[in-house]
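Residue-level listing of the chains:
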Amino acid sequence: MKLIRKEYQSMTDEQLVIAMAGGDKPAFDNLYNRYSGALISYFMRMLWRDREKAEDFLHDLFTKLIHRPELFDTNRSFKTWVYSVASNMCKNEYKKQEIRKNTSNGLDSSYPVADPNKNTLNEVHHSHFKSRFNEQILELDVKHREVFEMRHFDGLSMKEIAEALEISEGTVKSRLFYATKYLAQGLKEFSPEQTI
Amino acid sequence: MRSIEDIILEKKYDELSTEELLLVNELAENEEEFNQMKQLFDNMSIEFDSVGTVEASIETKSSLDSIFAAKHPVIANDWKKEEVVEEVKVIAFYNRSWVRVAAILLLFLGVSIPFLKNSDEIISDSAIQQAKLETPAETTHAKAKNTVATTEDLASAKTDEKKYASAETLSGDKDQSEPSIPGKVVQINDVSLYDKRMNVSKTALTYQFSAPITTFGSSTATAAGLASDLYPNGKPLEAENKSSITSEVSAADMLDWIQAAY
């Protein structure tokens with residue numbers, strides 16, 4: 001009989017979820033380390049750069065996973081599943097904001113909230129393009145924005161985006177092209193020809 | 001396969017192949033649009049780096065840890081311990097001792113059965129040969145006996161009474177309380193006794209016996225039957241010459257000896 005240490009690093013996401021569901025704490029830690037960064041970035045982008053809100057959403061998502069791991073279908077990819085959950089959470093938040101907006105004091109809730117953890121020095125370097133980019137991307141429709149961000153910020157493939165958002169790959173492609181064209185058109189002042 | 005984004009980032013519009021141009025045309029219809037896209041992706045790559053550094057706070061993690069501990073209290077109490085998993089030793093089917101023993105036995109049987117079969121064949125061959133050697137005499141005997149049986153049945157029916165009478169006469173025991181039975185006659189007619197003890201020929205005996213017995217020997221069928229009775233294991237060689245042998249013992253002496261034998 002031989003005793004071996006579990007190799008969590010080599011385990012797949014799906015295996016980690018199964019282990020976590022059985023009460024395996026290191027499995028949960030590994031899963032958290034794999035996705036917490038990407039998800040908080042996603043939430044920040046989707047929720048108007050609000051870090052506090054992004055942290056709350058990340059907390060809620062993992063709490064759901066701890067309490068009801070059976071919600072995850074092991075036949076699916078965990079990555080696409082977790083992004084679909086995150087996307088739905090954001091959509092629900094948009095609906096809430098929409099209701100609040102109608103009853104608000106006129107403040108624009110979609111205005112990016114300043115992140116205290118942001119490195120201001122880096123912002124100086126990229127401030128002009130970044131601010132314009134953020135403005136431009138927020139002008140995009142949510143369905144186009146999320147596809148664009150999932151593709152370029154989270155590194156998901158067309159297929160994964162399609163699975164996460166439960167739409168066809170063709171729809172993902174067309175949305176992505178539309179968003180890219182829109183942004184390129186809006187930021188054409190940063191192209192070499194325009195700057196000369 | 002490279003994506004359109006990769007092509008736009010890596011190549012200039014003039015360097016695009018026909019296939020790449022077809023792909024890029026979905027996103028950028030002309031060189032101006034292509035360059036806009038290129039610039040967008042270049043600038044975005046900087047944005048990706050800055051966004052990618054975001055990490056969740058420790059408070060979020062510690063809160064989730066407490067939730068996990070509440071959900072799985074028993075396991076979570078000592079989660080800091082090294083995780084050990086018991087590895088069950090998996091023995092392949094063919095590596096199990098009983099399979100090996102069975103395989104050896106099968107191999108041994110497989111090898112030894114042909115040899116055993118051959119030895120059986122050898123034994124049966126020798127038995128057949130022996131049987132063949134024995135069969136001619138037995139067959140003759142059986143055939144003769146069958147022939148005789150039919151003849152004997154007819155003859156015996158007619159001559160039974162005479163046989164009994166002659167037997168009684170031959171035995172000379174007229175005061176014998178027991179009635180004469182055919183079995184007794186047969187015993188008396190068992191000439192092998194004479195052959196063995198007295199070296200007396202069948203012919204001589206037949207001659208000495210009464211008339212029915214003489215007629216018994218006249219028929220070839222009955223003679224064969226008698227011969228088969230006399231020589232169940234085949235006719236001995238000297239029996240052929242027995243006709244030429246003459247008895248030196250009188251019938252009366254012989255009957256005395258027979259009686260003494262019983």
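The following refers to the structure shown. The residue numbers shown here count from 1 along each chain, following its written sequence. Just so you know, chain letters begin at A and ligand numbers begin at 1, following the order they were written in. Owing to the predicted nature of the model, reporting of local features is limited to residues with pLDDT of at least 70; listing and counting of side-chain atom pairs is limited to 80 or more, with chain, interface and lining totals taken over all residues. Hydrogens and water are ignored here; the side-chain numbers use all heavy atoms of the structure.

### Considering the overall build of chain A
Part 1 of the reasoning: What chain A contains, in helices and strands, is nine helices and one strand.
Part 2 of the reasoning: With an accessible surface of roughly 10,100 Å², chain A has 51% of that area assigned to carbon and sulfur atoms. Strands here are runs of E lasting at least two residues and helices are runs of H or I lasting at least four, both read from the DSSP assignment and numbered beginning at the N terminus. Computed with the Shrake-Rupley method and a 1.4 Å probe, the accessible areas treat only the protein chains shown as cover for residues.

### A closer look at the packing of aromatic side chains
Part 1 of the reasoning: Note on aromatic contacts: the rings of Phe and Tyr and the six-membered ring of Trp form a pair at centre separations within 6.5 Å, being stacked when their planes are under 30 degrees apart, edge-to-face when over 60 apart, and tilted otherwise. Considering all chains together, one arrives at 16 aromatic pairs over all chains under this definition.
Part 2 of the reasoning: Seen from their ring centres, Y178(A) and Y182(A) are 6.3 Å apart, and the 20° between their planes marks the pair as stacked. One end of the pair is Y178(A) and the other is Y182(A), both in helix 8 (residues 169–186) and four residues apart, which spans about a single turn.
Part 3 of the reasoning: Accessibility here uses a 1.4 Å probe with only protein chains present; expressed as a share of the type maximum, an area under 20% marks a residue as buried, one over 50% as exposed, and anything in between as partly exposed. Accessibility expressed as a relative area gives 27% for Y182(A), which makes it partly exposed.
Part 4 of the reasoning: Three or more aromatic residues joined by ring pairs form one cluster here, namely F28(A), Y32(A), F62(A) and F68(B).
Part 5 of the reasoning: By definition, being over a ring means that NZ of Lys or CZ of Arg is both within 6 Å of the ring centre and within 35 degrees of the ring normal. Residue placement shows K25(A) over the ring face of F68(B); its charged tip is 6.0 Å from the ring centre.
Part 6 of the reasoning: One Lys or Arg, K61(B), reaches over the ring of Y32(A) and ends 5.4 Å from the middle of that ring.

### Structural notes on the pattern of salt bridges
Part 1 of the reasoning: Just to be clear on terms, a salt bridge is a Lys or Arg side-chain nitrogen sitting within 4 Å of an Asp or Glu carboxyl oxygen. Evaluated as defined, the whole model comprises 15 salt bridges over all chains.
Part 2 of the reasoning: Members of the salt-bridge network, linked through shared partners, are K25(A), D29(A), K61(B) and D65(B).

### What about the nonpolar core?
Residue and element names in this part refer to chain A.
Part 1 of the reasoning: Put simply, a nonpolar core is a bunch of buried Ala, Val, Leu, Ile, Met, Phe, Trp, Tyr and Cys residues held in one set by side-chain atoms that sit within 4.5 Å of each other. Residues L39, F43, F62, F78, F133 and F148 are the most contacted members of the largest nonpolar core, which totals 75 residues.
Part 2 of the reasoning: Broken down by element, this core gets its largest block of residues, 11 residues, from helix 2 (residues 25–46).
Part 3 of the reasoning: Apart from residues lying up to four places away in sequence, F78 is in contact with D13, E14, V17, L31, Y35, L65 and F72. It only takes one pair of heavy atoms within 4.5 Å for two residues to be counted as in contact.

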